[in-house]
Amino acid sequence: MKRLLSILFLTFLYLTAALSQDKLIRVGEVPGYVTLKCDFHMHTVFSDGEVWPTVRIEEAAKEGLDAIAITDHIEYQPNKEYISADLNAAWKIAGETARKKNIILVHGAEITRKMPPGHFNALFIEDAGKLTDKDFITVIREAIRQGAFIEWNHPGWKAQRPKGDAHLDSIHKVLLANGWLHGIELFNDIESYQGVLTLCIEHHLAVMANSDIHIPYETGYYPGSTHHRPMTLVFAKDRNEKELKEALFAGRTIVWYGDSLAGDKALADPFVKSCLTMGPVYCESEKYCWREIINNSDILFEIVVKSDDKLSDEPLKVSLSPNSITRLRLPVSLASRFVCTFTNVKVSDNVALEIISFFADSDLTIP
Ligand code: ZN
């Protein structure tokens, strides 16, 4: 009987262990790299967040992320009367769960100042306890000594910059001149900041989108046709912390927030193309031809198709829903040469991604 009970108990354990299932997020890729879905900005009870560190790992796994950083404020711990203020505690506590859930946990902290300079995340640090000096530059210098990647958080946060823009003050120029700034948030929580993409491209910095979440994560918290938190998509040579760090320092990122993407054209172009499969003309009449576009990703694409020789046909506006097949009826004049503008994919502050002769790779049967 005892033996039977223990077999039953072990079977129960085995079944419950096998039942842990998480979401698979389908996004595109850039040839030669794996796409890591990341959120590098969030809080726990060790600063002003409302959850225990291991919960952040459970949430990330459930949502299908590859990597996160817990970035509690160094200078602001409203719970410290009740919870020890070891600045590395959240990272230490969450480590074991991260390993079991196969989440890359980046050791981070948020350096918190009035604007300028504002708030900065130091990622891939060794010891947050050494980042407590009152002088901002001293802290940055120590973070850099530890090998940190420095991210400028919410540079146009309305509470600090009412106009919401992301201009550089002299202190930011000092960081840039010294090579002490490596990435900037274009999107934080539900805010986006004009000027960030241009700055990132000009200075070869990583463009970033993060949740900055303080409360427990719930599906549906963020707007968009696919529920997902703001994400930094990192193109790394492999799925591990070393390659994640290399890719971030090399600036190989684009961002996905709501139904929008933004990033350097050199990355956004192959990424978008990899999400979509263009079919050949499968039906034709005197005036029209028909093609299928398969969207193999969880990302919505809004496209405008127009002729590149300015013929009279009206531009065609199409929504390519996530994980769907869209059948396009195109005027014959658009059959072979046209421009696809992806209106929800920004490659510069006010410029949408354009792909010319998007169907050139597929089997064209119309002259
Ligand atoms: Zn924060």
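Each remark here, short or long, concerns the structure printed above.
Scoring rules and cut-offs
Residues numbered from 1 in each chain as written. Predicted model: local features only at pLDDT ≥ 70, side-chain atom pairs only at ≥ 80, totals over all residues. Heavy atoms only, no water. Donors = N, O, S within 2.8 Å, 3.2 Å for Na, K, Ca; no water. Tetrahedral: all angles 85-135°; square planar, octahedral: opposite > 155°, others 65-115°. Helix = DSSP H or I, 4+ residues; strand = E, 2+ residues; numbered from the N terminus. Buried < 20%, exposed > 50% of the residue type's maximum accessible area, 1.4 Å probe, protein only. Contact = heavy atoms within 4.5 Å. Phe/Tyr/Trp six-rings, centres within 6.5 Å; stacked < 30°, edge-to-face > 60°. Lys NZ or Arg CZ within 6 Å of the ring centre and 35° of its normal. Axes fitted to C-alpha atoms, helices over the stretch in contact; angles between N-to-C directions. Parallel < 35°, antiparallel > 145°, perpendicular 65-115°, else oblique. Left-handed = near helix turned anticlockwise from the far one by under 90°. Salt bridge = Lys/Arg side-chain N within 4 Å of Asp/Glu carboxyl O. 1 Å grid on protein atoms, 1.4 Å probe; cavity = no way out; pocket = protein on both sides within 12 Å on 5 of 7 lines; lining within 4 Å. Points joined across faces, edges and corners; volume = space filled by probe spheres on them. Nonpolar A, V, L, I, M, F, W, Y, C, P; charged D, E, K, R; others polar. Pairing = 2+ DSSP bridges.

Caption draft 1: Main features of the coordination of the zinc ion. Those donors, His 41 (NE2), His 43 (NE2), Glu 110 (OE) and Asp 212 (OD), are the protein atoms that reach the zinc ion, and they lie 2.0 to 2.7 Å from it. Every donor counted, the 4 donor atoms about the zinc ion form angles of 77 to 165° at the centre, which fits irregular coordination. Sequence positions of the residues that donate to the zinc ion give the spacing H-x1-H-x66-E-x101-D. Placement of the pair is His 43 in the loop between strand 1 (34-39) and helix 2 (53-63) and Glu 110 in strand 3 (residues 104-112), with a sequence separation of 67 residues. Of the two residues examined, His 43 and Glu 110, each falls in the buried class.

Caption draft 2: Quick look at helix 4 (residues 136-145). Those residues of helix 4 that sit buried are Phe 136, Ile 137, Val 139, Ile 140, Glu 142 and Ala 143. In this structure, the buried residues of helix 4 make contact with strand 3, strand 4 (119-123), strand 5 (149-152) and helix 5 (170-178). Looking one or two places after helix 4, you find Gly 147, whose phi comes out positive at around 90°.

Caption draft 3: Inspection of the packing of aromatic side chains at higher detail. What the rule picks out here adds up to 9 aromatic pairs. Taking 4.4 Å as the distance between ring centres and 25° as the angle between the ring planes, the aromatic pair formed by Phe 187 and Tyr 257 counts as stacked. With a gap of 70 residues between them, Phe 187 in strand 6 (residues 183-188) and Tyr 257 in strand 10 (residues 253-257) connect regions that are remote in the sequence. Using a relative accessible area of 12% as the deciding quantity, one classes Tyr 257 as buried. On the numbers, 6.2 Å between centres and 25° between planes, the contact of Tyr 217 with Tyr 222 is stacked. Given a relative accessible area of 13%, Tyr 217 falls into the buried group. Taken together, the ring pairs in this structure connect Phe 120, Phe 136 and Trp 152 into an aromatic cluster. Sitting over the ring of Tyr 288, Arg 329 keeps its end group 3.9 Å from the ring centre.

Caption draft 4: Region of interest: the packing of helix 4 against helix 5. Helix 5 packs onto helix 4 with a crossing angle of 25° between their chain directions and a minimal axis gap of 12 Å. As the angle between them shows, helix 4 and helix 5 are arranged roughly parallel. When you trace helix 4 past helix 5, the crossing you get is right-handed. Residues Phe 136, Ile 137 and Ile 140 of helix 4 form the contact with helix 5, whose own contacting residues are Ile 171, Val 174 and Leu 175.

Caption draft 5: The arrangement of the pattern of salt bridges in detail. On inspection of all chains with the given rule, the structure shows 16 salt bridges. Across the pair Glu 58 and Lys 101 runs a salt bridge, and its minimum N-O distance is 3.5 Å. Of the two residues, Glu 58 is situated in helix 2 and Lys 101 in helix 3 (residues 89-101); the sequence distance between them amounts to 43 residues. Note on Glu 58: relative accessible area 36%, which makes it partly exposed. The class of Lys 101 is partly exposed, set by a relative accessible area of 26%. For Glu 96, the salt bridge goes to Arg 99, with nearest N and O atoms at 3.0 Å. One end of the pair, Glu 96, and the other, Arg 99, are both in helix 3, 3 residues apart, so they sit about a helical turn from each other. By relative accessible area, Arg 99 is classed as exposed at 62%. Put simply, Asp 39, Glu 63 and Arg 229 are held in one network by salt bridges that share partners.

Caption draft 6: Focus on the layout of surface pockets. Considered as a void within the structure, the largest pocket measures approximately 260 Å³ in volume. Forming the walls of the largest pocket are 17 residues, and the residues nearest its centre are Trp 157, Asn 188, Asp 189, Asp 212 and His 214. The class makeup of the residues in the lining of the largest pocket is 7 nonpolar, 6 polar and 4 charged.

Caption draft 7: Geometry of the environment of Gly 164. Mapped onto the secondary structure, Gly 164 falls in the loop between strand 5 and helix 5. Taking the C-alpha atoms as reference, Gly 164 lies 7.3 Å from Gln 194; in sequence the two are 30 residues apart. Discounting chain neighbours no more than four positions away, the residues touching Gly 164 are Gly 156, Lys 158, Tyr 193 and Gln 194.

Caption draft 8: Examining the pairing of strand 8 (residues 206-210) more closely. Within strand 8, 5 of the 5 residues are buried, which leaves the element mostly enclosed by the surrounding structure. Side chains Ala 206, Met 208 and Asn 210 project from strand 8 onto one buried face, and the interleaved Val 207 and Ala 209 project onto a second face that is buried too. In terms of strand pairing, strand 6 meets strand 8 through 5 bridges, oriented parallel. Considered in strand 8, the bridge of Asn 188 is made with Asn 210.

Caption draft 9: A look at unusual backbone geometry. The peptide bond linking Met 115 to Pro 116 adopts the cis configuration, its omega dihedral lying at -20°. Along the chain, the position of Pro 116 falls in the loop between strand 3 and strand 4. With an omega of 0°, the peptide bond between Pro 116 and Pro 117 qualifies as cis. Positive phi, normally seen in glycine, also occurs at His 204, with a value near 55°. Structurally, His 204 can be placed in the loop between helix 6 (196-203) and strand 8. Looking at His 204, the relative accessible area reads 67%, which means it is exposed. Backbone geometry at Asp 212 places phi at a positive 50°, although glycine is not the residue there. Within the fold, Asp 212 resides in the loop between strand 8 and strand 9 (231-236).

Honestly, that's just the spatial picture; any functional story needs more than this.
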